[in-house]
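Analysis of the macromolecular model
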Amino acid sequence: MPYKFTFDLSKIPRFFFTELTRMGYEKRMHRKVSAAIQDFIRKCKIQEATGLNLADAIQLLEDLVDLEARNLLEREKFKKTGRRALLLPHCARKYMDNRCKAKFEPDIPSYICAHCSEDCLINKAVSLAEGEGYDVYILPGSSCVPKILKFRNYEGVIGVACGEELKLAGKVLESMRIAGQAVPLLRNGCSNTFFNMQTLQRILKKNRELKRGGVD
Ligand code: SF4
Ligand code: SF4
């Protein structure tokens, strides 16, 4: 389910994300962060930078902090997992029309990237994650998550999507006792969306050593 508003955090300075991580840690420690989030919105001029009203900015940041807190909570469990998958959102493809050569396989259900565009985010993420031994799926929506996970016995799953979709997917993972790590979209809108490749790369790398038994 998409947010009722669109946002673009792709040009926000690095400090914003460092601070988000700090607040995620605070939240994990069960400290109240609501007041801090409002201060942070003012300090970083998030409304001016994104055009969001205060209520939407609060919802967006609360979701990002929650996802960060959950990543921290699940990290150790995730590190110990063997069989893993990466779930990517179809909206981050370079093209949403027939210039994208990915084929949709309804039985999986997933798009299969044809690697037609070198600078496509999905192309880069697929190559990166497959190189790390992940099975990769490109989904039209979070409703595909249970079907993909049901019979494939994954122990760890990384999800890339907007906060709303990640929250829904997180509930599915929780019910199936699968460890999760989330990479939130920094620009939503259901097409031409954006996520930070370095963030994904960091999560893949951070968890690499244990997955391979400490041997690189
Ligand atoms: S690289 Fe893959 S996902 Fe991107 S536009 Fe081409 S086929 Fe579609
Ligand atoms: S922005 Fe992408 S992940 Fe979020 S609801 Fe739209 S299509 Fe799904």
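Everything in this summary refers to the structure shown in the same document. In this text the structure is predicted, and so the values were computed from the model without any measurement.

1. Focus on the side chain of N188
Within the secondary structure, N188 is located in the loop between β6 (179-184) and α8 (197-206). On the basis of relative accessible area, N188 is assigned to the buried category, the value being 9%. Here F7 takes part through its backbone nitrogen, which lies 2.7 Å from a polar atom of the side chain of N188.

2. Describing the nonpolar core
In this structure, F16, L60, L86, L88, I158, F195 and L200 are the most contacted members of the largest nonpolar core, which totals 52 residues. Among the elements that take part in this core, helix α4 (residues 54-79) stands out by supplying 7 residues, more than any other.

3. Quick word on the site of ligand 1
The environment of ligand 1 is formed by R93, C100, K101, A102, C113, A114, H115, C116, S117, C120, I122 and N123. Across the shell around ligand 1, the residue classes tally to 7 nonpolar, 3 polar and 2 charged.

4. Considerations on the site of ligand 2
With respect to spatial proximity, the complete set of residues near ligand 2 consists of P2, H90, C91, A161, C162, E165, L185, G189 and C190. For the shell around ligand 2, a count of residues per class yields 6 nonpolar, 2 polar and 1 charged.

5. Describing the pairing of strand β1 (residues 84-89)
Among the 6 residues that make up β1, 6 are buried, leaving the element largely enclosed by the rest of the structure. The two faces of β1 match: R84, L86 and L88 on one face and A85, L87 and P89 on the other face are all buried. Sheet analysis places β1 next to strand β5 (residues 156-161), joined by 4 bridges and oriented parallel. Bridge pairing in β5 places A85 opposite V157. For β1 and strand β4 (residues 135-139), the ladder comprises 5 bridges, and the chain directions are parallel. Paired with L86 across the bridge in β4 is V136.

6. Thoughts on helix α5 (residues 121-131)
Since the α-helix turns once every 3.6 residues, residues separated by three or four places project in the same direction. Restricting attention to buried positions, one finds in α5 the residues L121, I122, N123, A125, V126 and A129. Immediately beyond the C-terminal end of α5, within one or two residues, lies G133, with a positive phi of roughly 90 degrees.

7. Considerations on helix α7 (residues 163-175)
Given a rise of 1.5 Å per residue, 13 residues ought to cover 18 Å, and the 18 Å separating the end C-alpha atoms of α7 matches this to within 8%. G163, E164, E165, L166, A169, G170, V172 and L173 are the residues of α7 that are buried. Contacts made by the buried residues of α7 are with α4, α6 (145-150), β5 and β6. Where α7 ends, the next residue or the one after it, R177, has phi of about 55 degrees, a positive value.

8. Things to note about the side chain of N123
Following the sequence through the fold, N123 ends up in helix α5. Assessed through its relative accessible area of 9%, N123 is described here as buried. What N123 contacts, discounting residues up to four positions off in sequence, is C113, H115, S117 and E118.

9. Topic: the packing of aromatic side chains
A full pass over the atoms with the stated rule returns 8 aromatic pairs. Ring geometry for F5 against F7: centres 6.3 Å apart, planes inclined by 50 degrees, an arrangement best described as tilted. The side chain of R93 reaches across the aromatic face of Y111, ending 4.3 Å from its centre.

Cut-offs used in this document
- Residues numbered from 1 in each chain as written.
- Chains lettered and ligands numbered in written order.
- Predicted model: local features only at pLDDT ≥ 70, side-chain atom pairs only at ≥ 80, totals over all residues.
- Heavy atoms only, no water.
- Helix = DSSP H or I, 4+ residues; strand = E, 2+ residues; numbered from the N terminus.
- Buried < 20%, exposed > 50% of the residue type's maximum accessible area, 1.4 Å probe, protein only.
- Polar contact = N/O pair within 3.5 Å; in protein donor to acceptor, adjacent residues only side chain to side chain.
- Core = buried A, V, L, I, M, F, W, Y, C linked by side-chain atoms within 4.5 Å.
- Near = heavy atom within 4 Å.
- Nonpolar A, V, L, I, M, F, W, Y, C, P; charged D, E, K, R; others polar.
- Pairing = 2+ DSSP bridges.
- Expected span 1.5 Å × (residues − 1).
- Contact = heavy atoms within 4.5 Å.
- Phe/Tyr/Trp six-rings, centres within 6.5 Å; stacked < 30°, edge-to-face > 60°.
- Lys NZ or Arg CZ within 6 Å of the ring centre and 35° of its normal.

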